[in-house]
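Survey of secondary and tertiary structure
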Amino acid sequence: MQSINTNLLRSSRIPHTVLEAGGGFLAGLLLAGTSVGSMTSPLPIALAANLSSIGATAVLVGSLLSYLCFHTILDNLPLLFALVIIVCFRVLKRPPKSAVSIMWSTGLCVFFSGIVVSLMVHASGTQVIGYTMTAGLTGCASYFMYAVFTGIRKNGKIPLHSTDGCAAAVVLILTTATLSCYRIPAMNAGCLIGVAVTLIVARKFRISGGVICGALTACGVILGSSADGLPMLILPISGLLAGYIASQNRYVITVTFFLFSLMALITFGTEYFTFSTVVDLFLGSIAFLFLDAACLDKWIITDIANRMPSEQSLSTQLRHMADAIHNVREDTDAIVHLLPQKEYPRDITKEVCEIVCGSCCNKLRCWESEYERTLSGFYKMQSHHAASLPPVPKELSYCTRIERLQSLFAQLASEQRKAQFLAAHTAESRTVLFEQLTAAEELLQAAGTQIHIRYSAELSESVRRRMMHYGYPCDTAAVYYTVADRMMIELTCIGKKLNGCMPTIRHILSETLNMTLEELEPFYSGETVRYRLCQRPKYRLEHYSSALHAGQETISGDTSILFTDCSGNPYLVLSDGMGTGKNAAVKSRMTTEMFRKFVNGGITGMAAVRMMNGLLLTKSPQETFATLDVAQFDLDAGELTIMKSGAAATLILHADKVSRISAQIFPLGLEPEGEASVRRVALCPNDIILMLSDGVSEDTYPFIRQLLEQNGSLEQIVTEICDKSAIFAGGTRRDDVTVCAAKLLPA
C-alpha cells in the first residue's frame, strides 16, 4: 500500500464549463425565435454576450438548431449573424469588463448585422428601423443582465439592492415576456412562473414585495401576450393580499391567493375568466408550495448595502489584528536571531584560582613547580556536578585552603546549572509563546472569514414566531447559511431545555421552511443550550467503531468520539493514551474532549492543535501522553481532512483500491512546537475510511486490505479486525485496540 496525496482521490463533480454549456444550449434552443411585444426577444444574444466563449457557442448552437427545426432561419438571419459575431469576439478577445462596454458592443453587433442583412436582401426602411430598435433593446438587456451576472459571480446569489435590484427587475420582465410566447395547451409558461414568483416574493418581502413583483410579472406577460397578460393585471392586488397574510401557513396563503384571484377575475369581467387563466393561477400556486421563501432566501441577497460596510469593517479589523500579531512575532524572532545565542562557557578554574590562590603564599609552588598536578586537581573538582561539596582529589591533598576551594567550586557549579536551566527554560517558553501567537493569528483569520456567513433576518424571525406559536419558547433563533449555502438553524435557550421536543420542532420547522431538516447534537455552556438543525447535505456518513482493552487491564486507554461542528460537518476523533489502563484512558478522554470543545467554539485546524499542545505542556511528570487522530468530513463537497499528531496510519478504500496515510510526528505535549500532519482528500460515495490505534500491528494491514476490498459492512470489517488483532500481535493483546470505520454515502 502506498502513501496517499491530495490529488490521488478526485471528486466526481460536474465542471462549471459543462453546466454553462448545457444552460447556454437550452437557453438558445428555447428562447430563439421568441418575441417581446412586436420585436424579437433580445435574451439569447444578451445571454451569449455575458457568457464565456463556451457558453456563447452553446447559445449559438441551440439557437441555430431551433431555427432549423421551425424553418425560421431566414427570418432571424440578422440575429443569427449577430450571434456569430459575438461568439467570434468571445473566442478571440476577452469579454468586456463593464456594463457600458458590453451594452455598446452587443448593440453595435446587432445593428451591424442588421445593416449587412438589409443590404443583402434590400430590406425596406421600416425593417432597418426595426433592426435599430432591436439593437437598442438588446444592448439594454445586455447591460442589465451584466449587472445580475456580476452579482451572481461575486456572491453566488442574485443581489436586489440599489441599481442591481432594478437590473434584476428588468431581467424578470424580459424573461416573463419571452416565456409568455410559449402557449402549451391551456397553459402559459410566463404566467405560471410569474404567479409562483409573486407568491414567493410576497412571502419573503410582505406587501411591498407582492405588489412590486405582481406588477413586474403583469408587465412582462402583457409584452409577451396581450391576450393572456390582461387577466394578470390582478397580480399586484393579489400579491398585496398574499404579503399581508405572509406570516400564515403557506397552504393558507396559497388557498387565499387563488380564491381571491378568481373573485377578482369575475369582478373584472367574465371575458377575463378563462380556463387558461385559471390553470395558470392554479399551477403557479402549486409551484409556490414547492418553492417556498426559504428557496428564495437562499439565492437572493437584499441587505448587502446595510450589512456589508459593518461586516467589512469588522473583518478588516480582525485581519489587521492578525497581521499585527504576525508582524510582532516576526520582529521578535528577528531580534532573537540577531542577539548572540551561544553562551561562552565560564572558566571556573581561572575564577577560583584568582579568588583563592591569588593571596596564598604557596601560589608560586603550586602553579609553577606543581602546575600539571594542581591543574588536574582543579579540573576534577570542576567536573563535580552534584549539589554536594566536591571531594578532595589526591592532587590537592596538600592544599591549605581546600575547604575554601570546595565551597567556591560548589557555589560556581550551582550558578552555572541555574544559568543553563534558565537559558533552556527561556528558549522553551519563547517557542511556546510563538506557538500561542501563531494560534491566535490563525484564530483571528478564521473569525474574519466566518463573518461572511450570511444570516437571514426574515427567516430567523419566522422561525422564532413559529416556535412561540406552538409553545416552544426560545431566547433567540438564528437562521444562516454556511459557505456551501446549506441552511443552519440555532435555537438558544437559557435556563430551559427542549431535549425531548426536538423531533417535533424539527417536523414543524421542516413544514414551515418546506425542506428536510436534520437534528444535530446540542451545545451546552453552563445554563445555555444551543439546539441546532440543518438542511440535509449532499452526503451522509455511516459510522461504526469498537474497542478492546489490553489483556491485563479492565478499561481501554483509547477514546474515540464522533461529533459535528457549527456547520453540521462530522468529526471522527481517535486518541490513544500512552500505555494502558486508567491513566491512559484519562489522558485520551481529556484530549478528545478538549479538541471537541475547541471545534464547537469555532477553533479548528492548526490553531486548536497549537493551543492544545500549549495546555498539555503544563502536565505533571506523572501524566502520560496521548496521540490525536482527526478525520473531518465535508458532507457538502465530499472531502476529507485528516490531522495526525503521533497517530497510527489511516486506511482509505477508494475505487476498489486501498491507500494508506501516515505521519511520523510526536504526540501533543512532548515538544514546545505543536505539530500535526494535515492531508486533504476528495472522496466519492461508498468510500471507506478506517482509523486504527497502535494496538493494531502493521502486520495486520494486508489482512485489513483484503477485508476492505471484499466490500463488507462496516460492522463486519471492524469486528474482524478486532478479533484478529491478538493473533497478529503474537497471540496476546498487549496494547489497547480501537478501530473506527466511516463510509460516505449519498444523502
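What counts as what
- Residues numbered from 1 in each chain as written.
- Predicted model: local features only at pLDDT ≥ 70, side-chain atom pairs only at ≥ 80, totals over all residues.
- Heavy atoms only, no water.
- Helix = DSSP H or I, 4+ residues; strand = E, 2+ residues; numbered from the N terminus.
- Buried < 20%, exposed > 50% of the residue type's maximum accessible area, 1.4 Å probe, protein only.
- Contact = heavy atoms within 4.5 Å.
- 1 Å grid on protein atoms, 1.4 Å probe; cavity = no way out; pocket = protein on both sides within 12 Å on 5 of 7 lines; lining within 4 Å.
- Points joined across faces, edges and corners; volume = space filled by probe spheres on them.
- Nonpolar A, V, L, I, M, F, W, Y, C, P; charged D, E, K, R; others polar.
- Phe/Tyr/Trp six-rings, centres within 6.5 Å; stacked < 30°, edge-to-face > 60°.
- Pairing = 2+ DSSP bridges.
- Axes fitted to C-alpha atoms, helices over the stretch in contact; angles between N-to-C directions.
- Patch = residues over 30% accessible without salt bridge, like charges linked within 9 Å, V, L, I, M, F, W, Y side chains within 5 Å.
- Areas by Shrake-Rupley, 256 points an atom, 1.4 Å probe, with all protein chains shown as cover.
- Salt bridge = Lys/Arg side-chain N within 4 Å of Asp/Glu carboxyl O.
- pLDDT = per-residue confidence, 0-100.
- Core = buried A, V, L, I, M, F, W, Y, C linked by side-chain atoms within 4.5 Å.
- Parallel < 35°, antiparallel > 145°, perpendicular 65-115°, else oblique.
- Left-handed = near helix turned anticlockwise from the far one by under 90°.
- Polar contact = N/O pair within 3.5 Å; in protein donor to acceptor, adjacent residues only side chain to side chain.

1. Overview of the overall build of the protein chain
Summing up its helical and strand segments, the protein chain has 24 helices and 21 strands in all. Looking at the 747 residues of the protein chain, the share that counts as buried comes to 46%. For the protein chain, the proportion of contacts with a sequence separation of at least 24, taken over those separated by at least 6, is 70%.

2. Remarks on empty space enclosed by the protein
According to the stated counting rule, one finds 5 cavities of 30 Å³ or more in the structure shown. By volume, the largest cavity amounts to about 120 Å³. Listed by contribution, the elements that provide at least two residues to the lining of the largest cavity are α15 (348–357), α16 (363–369) and α17 (371–382). With 3 residues, the single largest contributor to the lining of the largest cavity is α16. Here the lining of the largest cavity is built from residues that sort into 10 nonpolar, 3 polar and 2 charged.

3. Describing the packing of aromatic side chains
Each aromatic ring pair is summarised here by two numbers: the centre-to-centre distance and the angle between the ring planes. Inspection of every chain in the model, using the stated rule, returns 6 aromatic pairs. Centroid distance Y143 to F144: 5.3 Å. Interplanar angle 90 degrees. Geometry classified as edge-to-face. Clustering of aromatic rings is evident, with ring pairs tying together F563, Y571 and F595.

4. So, unusual backbone geometry
Although it is not a glycine, N686 sits at a positive phi angle of roughly 75 degrees. On the secondary structure map, N686 appears in the loop between β19 (677–682) and β20 (688–692). Residue classification places N686 among the partly exposed residues on the basis of a relative accessible area of 44%. In this model, N711 sits at a positive phi of 60 degrees, which is unusual for a non-glycine residue. Relative to the assigned elements, N711 resides in the loop between α23 (701–709) and α24 (714–728).

5. Structural notes on the sheet that holds strand β10 (residues 517–525)
Strand order across the open sheet formed by 5 strands is β7-β8-β9-β11-β10, with antiparallel pairing between neighbours. Of all the strands in the sheet, just β7 (454–455) and β10 have a single pairing partner and so form its edges. Of the pairings in the sheet, the one linking strand β9 (residues 487–494) to strand β11 (residues 528–535) comprises 7 bridges and is antiparallel in character. What sits directly across from I494, in β11, is T528. Together, β7, β8 (476–481) and β9 form the strand contacts of helix α19 (residues 457–469), whose direction differs from that of β8 by roughly 140 degrees.

6. Remarks on the pairing of β8
Of the pairings in the sheet, the one linking β7 to β8 comprises 2 bridges and is antiparallel in character. What sits directly across from R454, in β8, is Y481. Bridge count for β8 against β9 is 6 bridges, and the pairing is antiparallel. Residue pairing in the sheet places A478 in a bridge with E490 of β9. Once β8 ends, the chain turns through 5 residues before running back antiparallel as β9, passing D485 with a positive phi of about 60 degrees.

7. Some points on a nonpolar patch on the surface
A contiguous nonpolar surface patch, about 410 Å² in accessible area, is contributed by V100, W104, L108 and Y143. The greatest single-element share of the nonpolar patch, amounting to 3 residues, is contributed by helix α5 (residues 99–121). Considering the arrangement of structural elements, one finds L108 in helix α5.

8. With respect to the side chain of S510
Among the structural elements, S510 can be located in helix α20 (residues 502–513). The buried category is assigned to S510, whose relative accessible area is 15%. Every residue in contact with S510, bar those within four places of it in the chain, is listed here: M515, T516 and L517.

9. Comments concerning the confidence of the model for the protein chain
Mean pLDDT for the protein chain: 79, with 81% of residues reaching 70 or above. Taking the mean pLDDT of every element in the protein chain, the minimum, 51, falls on helix α14 (residues 304–338) and the maximum, 92, on β20. In this model, residues 1–13 is a region of pLDDT below 50 whose contacts with residues beyond four sequence positions or in other chains number 32 contacts. Note on residues 304–314: pLDDT under 50 across the span, and 9 contacts to partners over four residues away in sequence or across chains.

10. Quick word on the nonpolar core
Soluble globular proteins: nonpolar side chains tend toward being buried together. Of all hydrophobic cores here, the largest spans 30 residues; its most connected members are I45, L47, V59, L83, V110 and M145. Of all the secondary structure elements, the ones that give two or more residues to this core are α1 (16–31), α2 (43–49), α3 (53–70), α4 (77–92), α5, α6 (125–155) and α7 (162–179). Residue contributions to this core peak at 7 residues, all from α4. Those residues within four positions of L47 in sequence are excluded, and the remaining contacts are A27, V59, M145 and F149.

11. Points about the sheet that holds strand β18 (residues 657–661)
As summarised here, the arrangement of the 5 strands in space is β12-β21-β20-β17-β18, forming an open sheet in which the pairing is antiparallel. Each edge of the open sheet is held by one strand with a lone partner, namely β12 (539–548) and β18. Within the sheet, the average angular offset between the axes of one strand and its neighbour, ignoring direction, is 15 degrees. Relative to β18, strand β17 (residues 650–654) is paired through 5 bridges, and the arrangement is antiparallel. By the bridge assignment, L651 is partnered in β18 with R660.

12. Here's the deal with the packing of helix α10 (residues 235–244) against helix α11 (residues 250–268)
Direction vectors running N to C along α10 and α11 enclose 150 degrees, while the axes themselves pass 9 Å from each other. Here α10 lies roughly antiparallel to α11, going by the angle between them. Here the hand of the crossing between α10 and α11 comes out right-handed. Two secondary-structure elements touch here, α10 through L235, I237, S238, G239, L241 and A242 and α11 through I253, T256, F257, F260, S261 and F268. Looking at side-chain class alone, the contact of α10 with α11 contains 8 nonpolar, 4 polar and no charged residues.

13. So, the pattern of salt bridges
Where side chains of opposite charge bring their charged atoms close, a pairing between them can arise. The full count for this structure, using the stated rule, is 13 salt bridges. In this structure, the salt-bridge partner of E490 is R530, at a minimum N-O distance of 3.2 Å. With E490 in strand β9 and R530 in strand β11, the pair connects residues that are 40 residues apart, well separated along the chain. Looking at R530, the relative accessible area reads 24%, which means it is partly exposed. A salt bridge links E698 to R660, with the shortest nitrogen-to-oxygen separation between them at 3.3 Å. One end of the pair, E698, is in the loop between β20 and α23; the other, R660, is in strand β18, with 38 residues separating them in the sequence. Members of the salt-bridge network, linked through shared partners, are E461, R464 and R465.

14. Here we look at the packing of α3 against α4
Where α3 contacts α4, the two axes come as close as 9 Å, and the packing angle between them is 160 degrees. Accordingly, the angle class assigned to the pair α3 and α4 is roughly antiparallel. With respect to the hand of their crossing, α3 and α4 are arranged in left-handed fashion. In contact with S53, A56, T57, V59, L60, S63, L64 and Y67 of α3, α4 contributes L79, L80, L83, V84, V87, R90 and V91.

15. A look at the side chain of N569
Turning to its location among the elements, N569 is positioned in the loop between β13 (558–564) and β14 (570–576). One polar contact links the side chain of N569 to the main-chain amide nitrogen of L635, over a distance of 3.1 Å. Those residues within four positions of N569 in sequence are excluded, and the remaining contacts are R486, F563, T564, F633, D634, L635 and D636.

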